[in-house]
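This is what each chain is made of:
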Amino acid sequence: MADQSFLDWPFLADKHRALATDLQAWCAMHLPVDHQDVDSACRGLVRQLGAAGWLEHSVAKQGETLDVRSLCLLRETLAYHDALADFSFAMQGLGMGAVSLFGTPEQQAWLDKTRRGEAIAAFALTEPESGSDVANLQTTAQREGDAFVLNGEKTWISNGGIADVYVVFARTGEAPGAKGLSAFLVPANTPGLSVVERLEVIAPHPLAQLKFDNIRVPAAALIGQAGSGFKMAMSVLDVFRTTVGAAALGMARRALDETRGRVQKRHLFGAPLADLQMVQGHVADMALGVDASALLVYRSAWTKDQGAARVTREAAMAKVHATETAQHVIDQAVQLHGGDGVRRGTVVEQLYREIRALRIYEGATDVQKVVIARQTL
Ligand SMILES: Cc1cc2nc3c(=O)[nH]c(=O)nc-3n(C[C@H](O)[C@H](O)[C@H](O)COP(=O)(O)OP(=O)(O)OC[C@H]3O[C@@H](n4cnc5c(N)ncnc54)[C@H](O)[C@@H]3O)c2cc1C
């Protein structure tokens with residue numbers, strides 16, 4: 001990473017600077033990995049990230065809260081080197097977020113496995129008929145004695161098919177809409193849980209549609225209070241939305257670094273491309289966008305780490321700005337690479353595919369703008 005000056009910003013402490021330095025050295029040695037078979041790449045990455053200790057940061061330690069600035073530094077740095085490594089790290093945190101923040105000690109026993117990279121986690125919220133409209137989800141969880149019986153379908157579930165454990169959101173019906181949802185801890189080998197379809201996307205990672213056909217889990221699988229599933233999901237997303245911004249920031253920084261190298265090396269019209277003022281204008285826009293995103297991401301992370309109960313507005317701003325800006329920065333990078341920018345396998349071509357979904361998942365840009373407007377008005 002060429003520009004490290006953000007590490008001196010007051011949002012970060014010495015422990016964050018040390019983390020960033022160690023992580024960058026590790027990434028330079030171990031990343032990127034081969035993406036040919038994404039399932040085995042992700043299984044390998046989770047094991048590697050666990051063995052190296054990085055997954056310790058993906059869940060809160062006993063009696064502590066998640067350190068959002070560490071999460072952001074990890075996602076930014078991993079995404080800079082290999083988007084699949086960032087994905088594998090992020091899903092261990094998002095997948096186990098509700099357990100980490102609200103789980104019982106028995107449920108939290110799973111965290112020992114996910115933080116060591118010995119179990120893969122997934123977060124199952126989205127359904128075919130309720131994407132952005134989370135409160136409308138239809139999967140049901142019916143109480144039967146000392147068990148719950150789950151029926152329904154989930155889609156777009158990252159790690160679907162390779163996960164060992166899912167946190168599943170379902171309707172328990174305490175009240176209509178958002179107040180009638182609960183979260184459950186569901187091991188992947190629970191009878192009745194199946195993968196309906198694996199989903200192929202422009203930047204491949206393990207992704208599936210799942211079916212819950214009369215699956216029976218003990219009452220002890222309920223995470224937190226019945227009826228508080230929506231609130232829990234939003235609290236988890238409050239933390240992880242900022243980190244999506246951090247991942248986008250890492251990708252944008254990489255695109256800027258690739259571009260800096262390219263325009264200085266490439267000679268056209270008798271001089272480096274970097275000598276052309278219009279090219280300098282593009283580079284300036286890219287650098288400006290990267291710094292503005294970094295300020296919003298670390299402002300949100302710092303605010304949460306200072307003890308704010310919710311950072312809905314800050315996280316929405318960080319995610320919208322960093323993901324939209326990264327898309328633009330990467331597009332500029334592709335443009336300045338000419339034909340090589342669209343050549344399969346080049347770094348900027350990969351970034352161009354990898355950034356796109358970040359503007360959609362964990363709350364699409366349009367939805368985040370509604371959130372920001374509501375908070376502002
Ligand atoms: C690669 C990838 C990975 C994912 N991983 C997971 C996962 O691990 N777990 C999980 O539960 N889900 C996951 N998702 C699902 C993701 O969160 C949803 O795709 C997202 O919430 C949008 O839902 P949808 O696709 O149904 O789109 P829709 O809800 O149909 O929305 C489509 C578009 O409509 C617009 N829109 C929607 N609502 C509004 C509004 N209120 N105002 C203005 N415009 C609006 C937006 O442009 C939005 O993109 C993943 C998705 C992708 C693409």
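Scroll up a little and you will see the structure.
Residues numbered from 1 in each chain as written. Predicted model: local features only at pLDDT ≥ 70, side-chain atom pairs only at ≥ 80, totals over all residues. Heavy atoms only, no water.

Trainee: I'd love a proper account of the pairing of strand E7 (residues 207-218), names of residues and values included.
Mentor: Here nine bridges tie strand E3 (residues 147-158) to E7, and the two strands are oriented antiparallel to one another. Residue pairing in the sheet places Glu153 in a bridge with Lys211 of E7. Judged from the five bridges that link them, strand E6 (residues 193-198) and E7 form a sheet pairing that is antiparallel. Its bridge partner being in E7, Arg198 is matched across the sheet by Ala208. (Pairing = 2+ DSSP bridges. Helix = DSSP H or I, 4+ residues; strand = E, 2+ residues; numbered from the N terminus.)

Trainee: Can you tell me about the pattern of salt bridges, naming the residues and giving the values?
Mentor: Considering all chains together, one arrives at 20 salt bridges under this definition. For Glu118, the salt bridge goes to Arg116, with nearest N and O atoms at 3.2 Å. The partner of Asp257 in a salt bridge is Arg260, with the nearest N and O atoms 2.8 Å apart. With a gap of three residues between them, Asp257 and Arg260 both fall in helix H6 (residues 229-265), about one helical turn apart. By relative accessible area, which is 15% here, Asp257 ends up buried. The network of salt bridges with shared partners includes Lys15, Asp67, Arg69 and Asp305. (Salt bridge = Lys/Arg side-chain N within 4 Å of Asp/Glu carboxyl O. Buried < 20%, exposed > 50% of the residue type's maximum accessible area, 1.4 Å probe, protein only.)

Trainee: Which residues make up the side chain of His205, and what are the values?
Mentor: On the secondary structure map, His205 appears in the loop between E6 and E7. Residue His205 is classed as buried on the basis of its relative accessible area, which comes to 14%. With residues up to four places along the chain from it excluded, the contact list for His205 reads Val38, Leu84, Phe87 and Ser158. (Contact = heavy atoms within 4.5 Å.)

Trainee: So what's going on with the pairing of E3? Residues and values would help.
Mentor: Inspection of the sheet shows strand E2 (residues 140-144) paired to E3 by five bridges, in the antiparallel sense. From the neighbouring strand, Gln142 faces E3, where its bridge partner is Val149. Adjacent in sequence and paired antiparallel, E2 and E3 are bridged by two residues, among which Gly145 carries a positive phi angle near 60 degrees.

Trainee: Provide a residue-level description of the nonpolar core, including the pertinent values.
Mentor: Within the largest apolar cluster, 110 residues are counted, with the highest numbers of intra-cluster contacts made by Leu78, Met96, Leu150, Val167, Phe184 and Tyr298. The element contributing the most residues to this core is H6, with 16 residues. Residues in contact with Tyr298, not counting those within four places in the same chain, are Phe6, Phe11, Leu12, Arg69, Cys72, Leu73, Glu76 and Leu249. (Core = buried A, V, L, I, M, F, W, Y, C linked by side-chain atoms within 4.5 Å.)

Trainee: Outline the packing of H6 against helix H8 (residues 312-336), supporting the account with residue identities and numerical values.
Mentor: Between H6 and H8, whose axes approach to 8 Å, the crossing angle comes to 20 degrees. Here H6 lies roughly parallel to H8, going by the angle between them. For the element pair H6 and H8, the recorded crossing hand is left-handed. (Axes fitted to C-alpha atoms, helices over the stretch in contact; angles between N-to-C directions. Parallel < 35°, antiparallel > 145°, perpendicular 65-115°, else oblique. Left-handed = near helix turned anticlockwise from the far one by under 90°.)

Trainee: Describe the site of the ligand, naming the residues involved and giving the relevant values.
Mentor: Taken together, 19 residues form the shell around the ligand, and within it Phe123, Thr126, Ser132, Trp156 and Asp366 come nearest. The separation between a nitrogen atom of the ligand and a polar main-chain atom of Phe123 is 2.7 Å. A distance of 2.9 Å separates an oxygen atom of the ligand from a polar backbone atom of Leu125. Notes on the ligand: free accessible area 970 Å², of which the protein chains cover 66%. (Near = heavy atom within 4 Å. Polar contact = N/O pair within 3.5 Å; in protein donor to acceptor, adjacent residues only side chain to side chain. Areas by Shrake-Rupley, 256 points an atom, 1.4 Å probe, with all protein chains shown as cover.)

Trainee: Residues and numbers for the side chain of Arg359, please.
Mentor: Positionally, Arg359 belongs in the loop between helix H9 (347-354) and helix H10 (365-376). In terms of polar contacts, Arg359 uses its side chain to reach the side chain of Glu324, at 2.8 Å. Those residues in contact with Arg359 that lie beyond four places of it in its chain are Lys319, Thr323, Glu324, Gln327, Ala364 and Thr365.

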